[in-house]
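Spelled out from the first residue to the last, the chains are:
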Amino acid sequence: MRKWGIIVSFVLIFAILGTAYFFLTRPDAPEKPAEATGKPVISVLSYAPEQVLQIEIQSRDSRLAFVRDGETWLVKNEPDIEIHAVRVELLCVSAATLSAESLVAGDAKDLHAYGLSSPQAEVKLSLANGETEAILVGDPAPGGDGYYACLASSTDVYLISGSTGNQFLQTLADYRVLTVTALNSMDVRAVSITKNGQVFKLEYEEKAKDDGFSSSWHITSPIIRNADDSLVQEKILTPLCTLIAVDVAADKAEDIHPFGFEGDGVEIRTAHETVRLSVGTADGIDYVMREDKPAVYMMGSGALSFMNIGAFDVLERMTNLISIDTVDTIDITLPGIAATMDVDFEGETMHYFVNDIPADETAFKDMYVELIALEVDGEVVAPVHIDGQKPSASIVFTLTDGSTTTLAYYPYDEFNYAVYENSECTFYMKKTKLTELGEKLRTFVQNTKG
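Residues numbered from 1 in each chain as written. Predicted model: local features only at pLDDT ≥ 70, side-chain atom pairs only at ≥ 80, totals over all residues. Heavy atoms only, no water.

1. Regarding the overall build of the chain
For step 1, the next point in the chain: Each helix and strand counted, the chain has seven helices and 30 strands in total.
For step 2, the next point in the chain: Put simply, the chain has 450 residues, and 39% of those count as buried.
For step 3, the next point in the chain: Considering only residue pairs separated by 6 or more positions, the chain has 57% of its internal contacts joining residues 24 or more positions apart.
For step 4, the next point in the chain: When the accessible surface of the chain is split by element, carbon and sulfur atoms take 51% of a total near 25,400 Å². (Helix = DSSP H or I, 4+ residues; strand = E, 2+ residues; numbered from the N terminus. Buried < 20%, exposed > 50% of the residue type's maximum accessible area, 1.4 Å probe, protein only. Contact = heavy atoms within 4.5 Å. Areas by Shrake-Rupley, 256 points an atom, 1.4 Å probe, with all protein chains shown as cover.)

What follows is the structure, given as C-alpha cells:
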C-alpha cells in the first residue's frame, strides 16, 4: 500500500506542473488588466512650479501674497514675517499643476450656480514669462466631495478635491511660524522666571555619575535649595522649551502696553544661547514676545503654566537627604523617644549600632530610609517665635568629615512644626509625620534590644 501511495503522489505532482506549464506558455493567454487605483484626473493647469514667481490669494476674509526669493518664499512687502516656506511651495505646486476630479460643466452659462460669480477665493499666479493665471474657488459640492472651481479665463467648471480647495482658502495664519521656543531641555543650564517683581531662579550642575542622592537642578532664588529634577523637567522645562502660539497678535507692535507687558518674563540660558521672553496678559489672553523678534504672539490657555510655578513646587522636599556612606552618627530626639544611630567603618565594611548596641543591617537601613524620607509640607509665612524654647524634636546628622546638619522642629500651629534647617526656617511639616516616625524608631530600638 505504501508503494502505491508514493506512485499516486508523483502522478498528482506531474499533473499540476503540466497544467501550470500549459497556461504559462500558450500564446493566446490574455494578460489580466491592472485594477484602477484612484479616480480619473483631469489636468487643468500644467506649469513647472519653479516658474511661479508670485502667488496672491484674495478671499472673502483676507488677502495675502507670497513672492519667490531664490529657493524660498517670503510674504510680499513684509519679509520679516516668519512663514513655513514649505507650505507655500506645496500651495504653489497645487496651483501650478492643478488637477480636477471631473468636468462638471463645459462652457457653463451660469457661474452663479456654482458660487463662481462671487468666488470664495481667487488664486493668482504670476509666471516667469510675464503671464498670469487665476483660479476661482466656488461653493463646496453637495456631500462635501470637493469644491467647484474654474479658471478666470474660462467658463469650464471643474470639481477639485476638498484638500486642494481648502488649501486655496487658507489665510496668512495658516502659513505663519508660531513656534516661540524650540529648545532641547538637555541643553538648558539656567532658567529665571520673573512674576510680579519676584524672581525665581534655577541653575543646572552636572552631578557625579555615582551620586544617586543629589540633584542636578538647584534653586538659587528666592531660597537656596536642591530642586527635584523630575519636577523641574515636568513643570518648567517641558512646557517652556516647546512653546507654540495660537496666532500672532502683532507683527511689529509700536506700543506693547495693550498686551500687558509690565515686567514679567523668562530668561533661558542654554549651552549655546540665551533666550529672553516678555510675558503679558490683557483681557484674559496671554501674550509673549521674544527679545530677538518683533512679533507679539498670542498664547493658548495653559501654555504659560510655568509662570505660576514657584520654588516650593519643584524643590526637593526631603530635608534629610544625606547619603549613609557619609554619616558617622545620627542623634534623634522625637516625642517620647530618643536614640543614637552609629555607622562605623572598618575598611570597606560598615557596622551599624543603635544606642551602642549592634543592629541588623537591613533593619538599620530601613530606619535610615524613614529618616531621610521626611518631606516638608509647605512654606512658613507666619512669624515663628522660638526665643528660650527647646525644640519639640530634633535630628542631628554628624558626617564623617566632622560637619553637622541639624533639623529642629518647633511648634508652628496646631497641626504643624516649623522646620529649622541649620538655624534657617523656611518650611513647615505636619506633626503627625514625626509622631509616626517616633513609633517606627521605638519599634526599631526595641527589636534591636531583643
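That was the structure; now back to the text.
2. Observations concerning unusual backbone geometry
For step 1, the next point in the chain: Along the chain, Ser221 connects to Pro222 via a cis peptide bond; the corresponding omega equals 5°.
For step 2, the next point in the chain: Note that Pro222 resides in the loop between β14 (217–221) and β15 (225–226).
For step 3, the next point in the chain: Located in the positive-phi region is Asp107, a residue other than glycine, with phi close to 55°.
For step 4, the next point in the chain: Note on Asp107: relative accessible area 42%, which makes it partly exposed.
For step 5, the next point in the chain: Positive phi, normally seen in glycine, also occurs at Asn422, with a value near 50°.
For step 6, the next point in the chain: Note on Asn422: relative accessible area 43%, which makes it partly exposed.

3. Some thoughts on the pairing of strand β8 (residues 132–140)
For step 1, the next point in the chain: Note that strand β7 (residues 121–127) and β8 share six bridges and pair antiparallel. Pairing of Val123 across the sheet is with Ile135, part of β8.
For step 2, the next point in the chain: Connecting β7 to the next strand, β8, in antiparallel fashion are four residues, including Gly130 with a positive phi near 90°.
For step 3, the next point in the chain: Pairing of β8 with strand β9 (residues 147–151) involves four bridges; the strand directions are antiparallel. Across the sheet, Pro140 pairs through a bridge with Tyr147, a residue of β9.
For step 4, the next point in the chain: Hairpin connection from β8 to β9: six residues lie between these consecutive antiparallel strands, with Gly143 at a positive phi of about 85°. (Pairing = 2+ DSSP bridges.)

4. With respect to the sheet that holds β15
For step 1, the next point in the chain: The strand order β15-β14-β13-β12-β18-β19-β20-β21-β17 describes an open sheet built from nine strands, whose pairing is antiparallel. Each of the sheet's edge strands pairs with one partner strand only, and the pair in question is β15 and β17 (247–250).
For step 2, the next point in the chain: As judged from the three bridges shared by β17 and strand β21 (residues 296–299), these two strands associate in the antiparallel manner. Bridge pairing links Val248 to Tyr297 in β21.
For step 3, the next point in the chain: The strands touched by helix α4 (residues 229–241) are β12 (188–195), β13 (198–204), β14, β18 (261–270) and β19 (274–282); relative to β12, the strand with the most contacts, the crossing angle is about 75°. (Axes fitted to C-alpha atoms, helices over the stretch in contact; angles between N-to-C directions.)

5. Focus on the confidence of the model for the chain
Segments scoring low in pLDDT should not have their predicted coordinates read at a detailed level.
For step 1, the next point in the chain: Mean pLDDT over the chain stands at 88; residues scoring 70 or higher make up 89%.
For step 2, the next point in the chain: In this model, residues 1–37 is a region of pLDDT below 50 whose contacts with residues beyond four sequence positions or in other chains number one contact. (pLDDT = per-residue confidence, 0-100.)

6. Things to note about the pattern of salt bridges
For step 1, the next point in the chain: Evaluated as defined, the whole model comprises 14 salt bridges.
For step 2, the next point in the chain: Between Glu56 and Arg63 there is a salt bridge, with the nearest N and O atoms lying 3.0 Å from each other.
For step 3, the next point in the chain: In this structure, Arg276 and Glu267 form a salt bridge, with 2.9 Å as the shortest nitrogen-oxygen distance.
For step 4, the next point in the chain: On the basis of relative accessible area, Arg276 is assigned to the partly exposed category, the value being 36%.
For step 5, the next point in the chain: Exposure remark for Glu267: the relative accessible area of 31% places this residue in the partly exposed category.
For step 6, the next point in the chain: Overlapping salt bridges bring together Glu267, Arg276 and Glu291 as one network. (Salt bridge = Lys/Arg side-chain N within 4 Å of Asp/Glu carboxyl O.)

7. Thoughts on the packing of helix α6 (residues 361–372) against helix α7 (residues 431–449)
For step 1, the next point in the chain: Closest axis-to-axis distance for the α6/α7 pair is 11 Å, and the angle between their directions is 165°. What the angle tells us is that α6 and α7 run roughly antiparallel. Considering only the axes of α6 and α7, their crossing is left-handed. Along its contact with α6, which presents Ala363, Phe364, Met367, Glu370 and Leu371, the element α7 presents Leu437, Lys440, Leu441 and Phe444.
For step 2, the next point in the chain: Tallied by class, the residues present in the contact of α6 with α7 amount to seven nonpolar, no polar and two charged. (Parallel < 35°, antiparallel > 145°, perpendicular 65-115°, else oblique. Left-handed = near helix turned anticlockwise from the far one by under 90°. Nonpolar A, V, L, I, M, F, W, Y, C, P; charged D, E, K, R; others polar.)

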